[in-house]
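Each chain, letter by letter, is given below.
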Amino acid sequence: MLNKMVEAVREEGLRMLKAKEIRTEEKGGPEDVVTNYDRMVQENLERKLREILPQAGFLGEEGLRAPAQDHDGSCFIIDPIDGTMNFSRGYGRSCISVALAKEGRVVLGIVYDPYQDEMFTAERGKGAFLNGRPIRVSDRGLRKGVVMVGTMPYARELADRTFRLARRFFDESLDIRRSGSAAIDICAVAAGRTEVFYELKLWPWDYAAGSLIAQEAGGVAMNCEGSDLSLTEASSVLITNAAAWEDAAAILREVTK
Ligand code: IPD
Ligand code: CA
Ligand code: CA
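Asks: Before we go on, may I ask you to explain helix α2 (residues 36-52) in this structure?
Replies: For the α-helix, the turn length of 3.6 residues means that residues three or four positions removed from each other point alike. With 17 residues, α2 extends 25 Å between its outermost C-alpha atoms, agreeing within 8% with the 24 Å of an ideal straight helix rising 1.5 Å per residue. When we look at burial in α2, the residues that qualify are N36, Y37, D38, V41, Q42, N44, L45, E46, K48 and L49. The backbone nitrogen of Y37 has a side-chain oxygen 3.1 Å away, supplied by the residue at the start of α2, namely T35.

Okay, here's the thing in structure tokens:
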């Protein structure tokens, strides 16, 4: 099943690469946009994934809220394009994120960055992979680490705490980064390229697949209060390797406003 899902995701990634006539509309405001490709990729994925697992429900960013009509409690969680602002400007830092959850737990995750041709995959209990090769988080602690910052542009009331945290993480690490795609950032931690990612509000489609990939790569995935990530509502997100986790969690406890 993973292979069939991977092929469906790859085809849609190639569609992103060849995109012509990208039309952008505002959803919630000028910072919250959707393109004709977000809708097209989601519709295509829904159709293709339905063929693979007809009984599963769907949760997708672009208005896909069909409850699981199924008997086994499985649900696909899809972000057709994570990093839409980047995509709409030809900034080449976007991906597709697809997770499969069963009885409230992610069991399979795929994140595909078509620009780098990087396919991240994980199945629960079987490890995490990049283009078929096993990946592991790094063993660098925070002091020797690079921290990925998510700015949650759609909830600006969180900006003060977000940027206080960024300042603190900057002081305690080597440097910070901001890509514009949460799923790519999470996979960067999983692949051992960076050590910490945080964002104070994301939705399950942003992190469901990436969080399993990070955990299967030996990392920690939780919300910023130290609890499990929700698969039904928005949540803060902290992804780290094991070595940086305690220091990162302490900073999140200290910088509360
Ligand atoms: C967004 C990206 C961005 C993050 C936002 C997300 P979208 O997803 O992941 O990096 O900062 O919070 O909503 O809207 O491009 O799918
Ligand atoms: Ca997203
Ligand atoms: Ca999206």
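Next, the rest of the story.
Asks: I'm lost on the coordination of the calcium ion (ligand 3) in this one. Help?
Replies: Ideal coordination angles are 109.5 degrees for a metal with four donors arranged tetrahedrally and 90 or 180 degrees for a metal with six donors arranged octahedrally. The protein atoms that coordinate the calcium ion (ligand 3) are E61 (OE), D79 (OD) and I81 (O), at distances of 2.1 to 2.3 Å. All donors of the calcium ion (ligand 3) belong to a single chain; written as a sequence motif, their spacing is E-x17-D-x1-I. Taken as a pair, the calcium ion (ligand 3) and the calcium ion (ligand 2) lie 3.7 Å from each other and share D79 as a ligand. Here D79 lies in strand β4 (residues 74-82) and E61 lies in the loop between β3 (57-60) and β4, a separation of 18 residues in the sequence.

Asks: Which parts of the structure should I look at to understand the pairing of strand β2 (residues 32-35)?
Replies: In summary, the side chains of a regular strand alternate between the two faces of the sheet. Residue alternation in β2 divides its side chains into two sets, D32 and V34 and V33 and T35, and both sets are buried. Hairpin connection from strand β1 (residues 24-29) to β2: two residues lie between these consecutive antiparallel strands.

Asks: Looking at this structure, how should I read the sheet that holds strand β13 (residues 220-222)?
Replies: Sheet strands pair by backbone hydrogen bonding; their relative direction is either parallel or antiparallel. The five strands are arranged β11-β10-β12-β14-β13 in an open sheet whose pairing can be described as mixed. In this open sheet, the two strands that pair with only one neighbour each are β11 (175-177) and β13. Sheet twist, expressed as the average angle between the axes of neighbouring strands with direction ignored, equals 15°. In this structure, β13 lies alongside strand β14 (residues 235-240), joined through three bridges in antiparallel fashion. Paired with V220 across the two strands is T240, which belongs to β14. On the sheet, helix α4 (residues 159-172) packs against β10 (146-149), β11 and β12 (196-202) and is oriented at approximately 175° with respect to β12. Sheet contacts for helix α7 (residues 242-254): β12, β13 and β14; angle to β14, the most-contacted strand, approximately 145°.

Asks: When you look at the coordination of the calcium ion (ligand 2) in this model, what are you seeing that I'm missing?
Replies: Around the calcium ion (ligand 2), the protein contributes the donor atoms D79 (OD), D82 (OD) and D206 (OD), at 2.1 to 2.2 Å from the metal centre. Of note, the calcium ion (ligand 2) draws all its donor residues from one chain, in the sequence arrangement D-x2-D-x123-D. The exposure class assigned to D79 is buried, which follows from its relative accessible area of 0%. On the accessibility criterion, D206 (9% relative accessible area) is buried.

Asks: I tried to follow the packing of aromatic side chains on my own but got confused; where do I start?
Replies: Inspection of the entire model under this criterion finds four aromatic pairs. Relative to F87, the ring of Y37 has its centre 5.8 Å away and its plane inclined at 65°; by these criteria the two rings are edge-to-face. With Y37 in helix α2 and F87 in helix α3 (residues 84-88), the pair connects residues that are 50 residues apart, well separated along the chain. Both residues of the pair, Y37 and F87, count as buried. Taking the centre distance of 5.1 Å and the plane angle of 25° together, the rings of F169 and Y198 count as stacked. Within this pair, whereas F169 is found in helix α4, its partner Y198 is found in strand β12, the two being separated by 29 residues in sequence. On the basis of relative accessibility, which here comes to 0%, the residue F169 falls in the buried class. On the basis of relative accessible area, Y198 is assigned to the buried category, the value being 0%.

Thresholds applied
- Residues numbered from 1 in each chain as written.
- Chains lettered and ligands numbered in written order.
- Predicted model: local features only at pLDDT ≥ 70, side-chain atom pairs only at ≥ 80, totals over all residues.
- Heavy atoms only, no water.
- Helix = DSSP H or I, 4+ residues; strand = E, 2+ residues; numbered from the N terminus.
- Expected span 1.5 Å × (residues − 1).
- Buried < 20%, exposed > 50% of the residue type's maximum accessible area, 1.4 Å probe, protein only.
- Polar contact = N/O pair within 3.5 Å; in protein donor to acceptor, adjacent residues only side chain to side chain.
- Donors = N, O, S within 2.8 Å, 3.2 Å for Na, K, Ca; no water.
- Pairing = 2+ DSSP bridges.
- Axes fitted to C-alpha atoms, helices over the stretch in contact; angles between N-to-C directions.
- Contact = heavy atoms within 4.5 Å.
- Phe/Tyr/Trp six-rings, centres within 6.5 Å; stacked < 30°, edge-to-face > 60°.

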